[in-house]
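Each chain is listed here by its residues.
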Amino acid sequence: MAQLINGKQISADMRAEMAEECRKLQAEKGITPGLAVIIVGEDPASQVYVRNKKKACEEIGFYSETYELPAETSQKQLEGLVDELNANPKIHGILVQLPLPAHLDSNAILLHIDPKKDVDAFHPTNVGHIMIGDYTFLPCTPAGVMELLKRSGVSVSGKNCVVVGRSNIVGKPQAMLLLQANGTVTIAHSKTPDLGAVTRTADVLVVAVGRAGMITGDMVKEGAVVIDVGMNRNAEGKLCGDVDFASVEPKVSFITPVPGGVGPMTITMLMRNTLTAAERYGKN
Ligand code: GUN
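The structure reproduced in this document is the subject of the present report. (Residues numbered from 1 in each chain as written. Predicted model: local features only at pLDDT ≥ 70, side-chain atom pairs only at ≥ 80, totals over all residues. Heavy atoms only, no water.)

### Quick notes on helix α6 (residues 140–151)
1) Next: In a regular helix each residue adds 1.5 Å, so 12 residues correspond to 16 Å; α6 covers 16 Å between its end C-alpha atoms and thus fits that length.
2) Next: Across the 12 residues that make up α6, a large majority, 10, are buried.
3) Next: Taken together, the buried positions of α6 are Cys 140, Thr 141, Pro 142, Ala 143, Gly 144, Val 145, Met 146, Glu 147, Leu 148 and Leu 149.
4) Next: Each element contacted by the buried residues of α6 is listed here: α1 (7–29), α7 (171–180), β7 (204–207), β8 (225–228) and α10 (263–279).
5) Next: Immediately beyond the C-terminal end of α6, within one or two residues, lies Gly 153, with a positive phi of roughly 75°. (Helix = DSSP H or I, 4+ residues; strand = E, 2+ residues; numbered from the N terminus. Expected span 1.5 Å × (residues − 1). Buried < 20%, exposed > 50% of the residue type's maximum accessible area, 1.4 Å probe, protein only. Contact = heavy atoms within 4.5 Å.)

In structure tokens, the structure reads:
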């Protein structure tokens, strides 16, 4: 039977550690970490994420501002707001919730965010820093996965790691972080023939494709560590991952549940980046 990796607990531990660091920063330097979150339009899932980010800030003791803009907001208006936040000394981190409405150019907006306040680590400058292993911010979900592995005592060094999915938000940076941790990394994706043959080579398998239950028990190696980044709704509206938990769990050594695995870590790592930004504020 697999050991469950409890993301809820690990996330709570990290938030308690950050609350302490936040108090210290306030006492010693008079700085309260500040996060600004911008949401454009009324996508219900995005609204939930944004609310949870605000709650996490309150829990840890950060200052936060939330901007809920109408769907018809123009590129110029949005860039204007980002410019103001770039210049605002109370704000150390800026997050523009994705996806943006189709008429807006997401890449151009992300380029507008000061890389020092880019707590998502989506700006090409920060993506480049990750590539060369010299970074301030790590992308939240992949960093959350690394933290789950570390705090569960799983070493990646020398292991075969397979990442399924190649998105800019998860798959690609995840592969980079596993490589930096000395894993032997393969990226598989929708055009990979015989996916099972690849996933069965994995000692550490990270799945981030967004398709409910696509990784089944016959696709994993006995004793593997399985991290499920998927967040899907099944036919009954229940949250479920990309991994078919029932058939995979009996074969593997560690597994993350959905919900309660990777999910809680993403916002926690965003908080970590915001704290780091505040600690570095005014430095190069
Ligand atoms: N939408 C879904 N995930 C994310 C994320 O990590 N950051 C932002 N900004 N938008 C998202």
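That shown, we press on.
### Regarding the sheet that holds β8
1) Next: The strand order across the open sheet built from 6 strands is β1-β11-β8-β7-β5-β6, with neighbouring strands paired in parallel fashion. At either margin of the open sheet sits one strand with a lone partner, and together these are β1 (3–4) and β6 (184–188).
2) Next: Pairing between β1 and strand β11 (residues 254–255): 2 bridges, direction parallel. Along β11, the bridge assignment pairs Leu 4 with Ile 255.
3) Next: Against the sheet, α7 makes contact with β5 (160–164), β6 and β7, and its axis sits at roughly 170° relative to β5, the strand it touches most. (Pairing = 2+ DSSP bridges. Axes fitted to C-alpha atoms, helices over the stretch in contact; angles between N-to-C directions.)

### Remarks on the environment of Met 219
1) Next: Of note, Met 219 is situated in the loop between β7 and β8.
2) Next: You can call Met 219 buried: its relative accessible area is 10%.
3) Next: For Met 219, the residues in contact, after removing those within four places along its chain, are Leu 195, Gly 196, Thr 199, Arg 200 and Met 214.

### Focus: the site of the ligand
1) Next: In the vicinity of the ligand, the contacting residues are Leu 95, Val 96, Gln 97, Leu 98, Asp 120 and Phe 122.
2) Next: One of the backbone nitrogen or oxygen atoms of Val 96 is found 2.9 Å away from a nitrogen atom of the ligand.
3) Next: At 2.6 Å, a side-chain N or O of Asp 120 approaches a nitrogen atom of the ligand.
4) Next: Relative to its unbound accessible surface of 280 Å², the ligand loses 79% to contact with the protein.
5) Next: When grouped by side-chain class, the residues that make up the shell around the ligand number 4 nonpolar, 1 polar and 1 charged. (Near = heavy atom within 4 Å. Polar contact = N/O pair within 3.5 Å; in protein donor to acceptor, adjacent residues only side chain to side chain. Areas by Shrake-Rupley, 256 points an atom, 1.4 Å probe, with all protein chains shown as cover. Nonpolar A, V, L, I, M, F, W, Y, C, P; charged D, E, K, R; others polar.)

### Remarks on the packing of α6 against α7
1) Next: Where α6 meets α7, the axes come as close as 8 Å, and the angle between the chain directions of the two elements is 35°. Where α6 crosses over α7, the handedness of that crossing is right-handed. In this structure, α6 contributes Thr 141, Pro 142, Ala 143, Val 145, Met 146 and Leu 149 to the contact, and α7 contributes Pro 173, Gln 174, Leu 177 and Leu 178.
2) Next: Considering only residue class, the contact of α6 with α7 consists of 8 nonpolar, 2 polar and no charged. (Left-handed = near helix turned anticlockwise from the far one by under 90°.)

### Regarding unusual backbone geometry
1) Next: Cis geometry marks the peptide bond from Leu 98 to Pro 99, where omega comes out at 0°.
2) Next: Of the consecutive residues Val 258 and Pro 259, the connecting peptide bond is found in the cis state with omega at 0°.
3) Next: Here Pro 259 is to be found in the loop between β11 and α10.
4) Next: Phi is positive for Asn 182, which is not a glycine, with a value near 75°.

### Here's the deal with the sheet that holds strand β2 (residues 34–40)
1) Next: The sheet built from 3 strands is open, its strands ordered β3-β2-β4 with parallel pairing. Strand pairing shows two members of the sheet lacking a second neighbour, β3 (63–69) and β4 (93–96), which therefore form its edges. Each strand axis lies, on average, 15° off the axis of its neighbour in the sheet, ignoring direction.
2) Next: Examined bridge by bridge, β2 and β3 share 7 bridges and lie parallel to one another. The residue bridging Gly 34 from the neighbouring strand is Tyr 63, located in β3.
3) Next: Where helix α2 (residues 44–60) meets the sheet, its contacts fall on β2, β3 and β4, and the angle it forms with β2 comes to roughly 170°.
4) Next: Sitting on the sheet, helix α3 (residues 75–87) is in contact with β2, β3 and β4, with an inclination near 175° to β2.

### Some words on the side chain of Asp 228
1) Next: The topology assignment puts Asp 228 in strand β8.
2) Next: In this structure Asp 228 is buried but unpaired, with Lys 238 as the nearest side chain of opposite charge at 12 Å.
3) Next: A polar side-chain atom of Asp 228 sits 3.1 Å from the main-chain amide nitrogen of Val 243.
4) Next: Sequence-distant contacts of Asp 228, defined by excluding residues within four places in its chain, comprise Val 207, Gly 241, Asp 242, Val 243, Thr 256, Val 258 and Val 262. (Lys, Arg positive; Asp, Glu negative; His and termini not counted. Salt bridge = Lys/Arg side-chain N within 4 Å of Asp/Glu carboxyl O.)

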